[in-house]
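# Examining the three-dimensional arrangement
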Amino acid sequence: MNKSTVVIVDGHNVLIYAGYAKGTITPEDVCRVFLSKVHNVVDTFLPNNVVVAWDMGKERWRQELLKGTYKGKRAFRDQSLQAKVVRTLTKKAGSLLMTLLPKMGIDQVWAVPRGEADDVIFSLLNDAMWSGRAIIVSSDSDLWQLVTPQYRGSRPKLKVSVLPIKKIKTRQSQLNGLIGGKEVEERTGVWPANYVLYKALVGDPSDNIPGVQGVGAKRAARLVQKYPEPKDLLPALSEAAKEVKVRALAFSEDVISRNLALIKPVSYTHLTLPTN
């Protein structure tokens, strides 16, 4: 496939969004919202191909790194009546969609057992057989690490953007369009090439990943700007701790290393982009 536009849908992410959408009271309603979102993206960007990436099962190898607490806060929130209803609706809707999508000419790719859709998306983007444009439909900010340009001035052969489901606020405006490298830098102070290290420092409350105590977004951006790679920062933690006046940073190598492993997706070479 050459010089094509591909839309990659973060299946479970969009499914949950559809489950919480106003007026969804049946699995068919959830499917309608899901497909409407996909249709709007297709109608806007006219892609050559659409792929839905799905998680595989409830167990995650990442849970072992956090001793079972990975995404633990989500499980706590899921005890509400609304969440239980949505969970039931989306489970049934997911099964319906997996049957409907092939009939609509939409490809599906599943993660390996205990893997996640992030790993699928990363693997598809690593398919060296194609170039052009990829649009990832998801509200998961972890996927910002994949967008291009990866750093200022780079010119990749594959242009990757994230299309958020909801509006994302930047310093410049309310953004309801594509997230590229410039938007990531505007939002966080770092470019996508260094986003994983930034997230490893600040953590991710939505996935119950604790960051380095005392290091917030501004301090993390300062550190990453000076020490852009883990190989730069980890040997210099004592010095960096003095610079940002956070003593805990000097003893945080294990936390940072663990978070890097949790946040960075895994590439599986057997997963390639389907062609229609």
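Residues numbered from 1 in each chain as written. Predicted model: local features only at pLDDT ≥ 70, side-chain atom pairs only at ≥ 80, totals over all residues. Heavy atoms only, no water.

On to the overall build of the chain, then. Of regular secondary structure, the chain possesses twelve helices and nine strands. Taking the intrachain contacts of the chain between residues at least 6 apart in sequence as the baseline, contacts between residues at least 24 apart amount to 72%. (Helix = DSSP H or I, 4+ residues; strand = E, 2+ residues; numbered from the N terminus. Contact = heavy atoms within 4.5 Å.)

Moving on, we get to the sheet that holds strand 3 (residues 107-110). With parallel pairing, five strands are arranged side by side in an open sheet as 3-2-1-4-5. Strands at the two margins of the open sheet, each flanked by one partner only, are strand 3 and strand 5 (158-163). Ignoring strand direction, the axes of neighbouring strands in this sheet form an average angle of 20 degrees. In the sheet, strand 2 (residues 49-54) pairs with strand 3 via four bridges, with the strands oriented parallel. Looking across to strand 3, one finds that Trp54 is bridged to Trp110. In the packing of helix 5 (residues 81-103) onto the sheet, contacts are made with strand 2 and strand 3, and the angle to strand 3 comes to roughly 135 degrees. (Pairing = 2+ DSSP bridges. Axes fitted to C-alpha atoms, helices over the stretch in contact; angles between N-to-C directions.)

Core analysis: the biggest nonpolar cluster contains 57 residues, and Leu125, Leu201, Leu249 and Ile256 have the highest contact counts within it. Non-local contacts of Leu201, meaning those with residues more than four positions away in its chain, are made with Gly211, Val212, Val215, Ala220, Leu223, Val224, Leu233, Leu249 and Ile256. Counting 25 residues, the second largest nonpolar core, distinct from the first, contains Cys31, Val33, Phe34 and Val50. (Core = buried A, V, L, I, M, F, W, Y, C linked by side-chain atoms within 4.5 Å. Buried < 20%, exposed > 50% of the residue type's maximum accessible area, 1.4 Å probe, protein only.)

Now for the side chain of Thr5. Inspection of the secondary structure assignment puts Thr5 in strand 1 (residues 4-10). Under the relative-accessibility criterion, Thr5 is labelled buried at 14%. Ignoring anything within four residues of it in the chain, the contact list for Thr5 reads Phe45, Pro47, Asn48, Asn49, Arg133 and Ile135.

Looking now at the environment of Tyr20. With respect to the helices and strands, Tyr20 occurs in helix 1 (residues 11-20). For Tyr20, a relative accessible area of 40% corresponds to the partly exposed category. Once the C-alpha coordinates of Tyr20 and Arg87 are considered, the two residues, 67 residues apart in sequence, prove to be 9.7 Å apart. If sequence neighbours within four positions are ignored, Tyr20 has contacts with Gln82, Ala83 and Val86.

For helix 12 (residues 253-263), the set of buried residues is Ile256, Asn259, Leu260, Leu262 and Ile263. Down the axis of helix 12, the buried side of the element spans an arc of 165 degrees, and every buried residue falls inside it. (Arc of directions from axis to C-beta.)

Okay, the packing of aromatic side chains next. Within a pair of aromatic rings, the relevant descriptors are the distance that separates the centres and the angle that separates the planes. On inspection of all chains with the given rule, the structure shows three aromatic pairs. A ring pair is formed by Trp144 and Tyr195, whose centres lie 6.0 Å apart and whose planes are at 40 degrees; its orientation type is tilted. Remark: Tyr195 occurs in helix 8 (residues 195-202) and Trp144 occurs in the loop between strand 4 (132-137) and strand 5; sequence separation between them is 51 residues. Overall, Tyr195 belongs to the buried group, its relative accessible area being 3%. Three or more aromatic residues link up through ring pairs in this structure, and these residues are Trp144, Tyr195 and Tyr198. (Phe/Tyr/Trp six-rings, centres within 6.5 Å; stacked < 30°, edge-to-face > 60°.)

Take the side chain of Asp29 next. With respect to the element layout, Asp29 can be found in helix 2 (residues 27-45). Beyond its immediate chain neighbours, meaning those up to four positions away, Asp29 contacts Gly23 and Thr24.

Before going further, it helps to examine the confidence of the model for the chain. Of the residues in the chain, 87% have a pLDDT of 70 or more, and the chain-wide mean is 86. Ranking the elements of the chain by mean pLDDT puts strand 7 (residues 174-175) last with 43 and helix 8 first with 96. Between residues 168-175, whose pLDDT stays under 50, and residues either more than four places distant or in other chains, the model counts 15 contacts. (pLDDT = per-residue confidence, 0-100.)

With that settled, consider the packing of helix 1 against helix 5. Helix 5 packs onto helix 1 with a crossing angle of 125 degrees between their chain directions and a minimal axis gap of 9 Å. Taken together, the axes of helix 1 and helix 5 lie oblique to each other. The interaxial crossing formed by helix 1 with helix 5 has right-handed handedness. Contacts between helix 1 and helix 5 involve Leu15, Ile16, Gly19 and Tyr20 on the former and, on the latter, Gln82, Ala83, Val86, Thr90, Ala93, Gly94 and Leu97. (Parallel < 35°, antiparallel > 145°, perpendicular 65-115°, else oblique. Left-handed = near helix turned anticlockwise from the far one by under 90°.)

Turning our attention to the pattern of salt bridges. Side chains carrying opposite charge are able to pair once their charged atoms draw close together. Per the stated rule, a full pass over the model turns up five salt bridges. Among the ionic pairs, Lys199 bridges to Asp142, the shortest N-O distance being 2.7 Å. A residue pair is termed long-range when its members are at least 10 positions apart, and Lys199 in helix 8 and Asp142 in the loop between strand 4 and strand 5 qualify at 57 residues. Pair check on accessibility: Lys199 and Asp142 agree, each one buried. Through salt bridges with shared partners, a single network forms among Asp142, Lys199 and Asp204. (Salt bridge = Lys/Arg side-chain N within 4 Å of Asp/Glu carboxyl O.)

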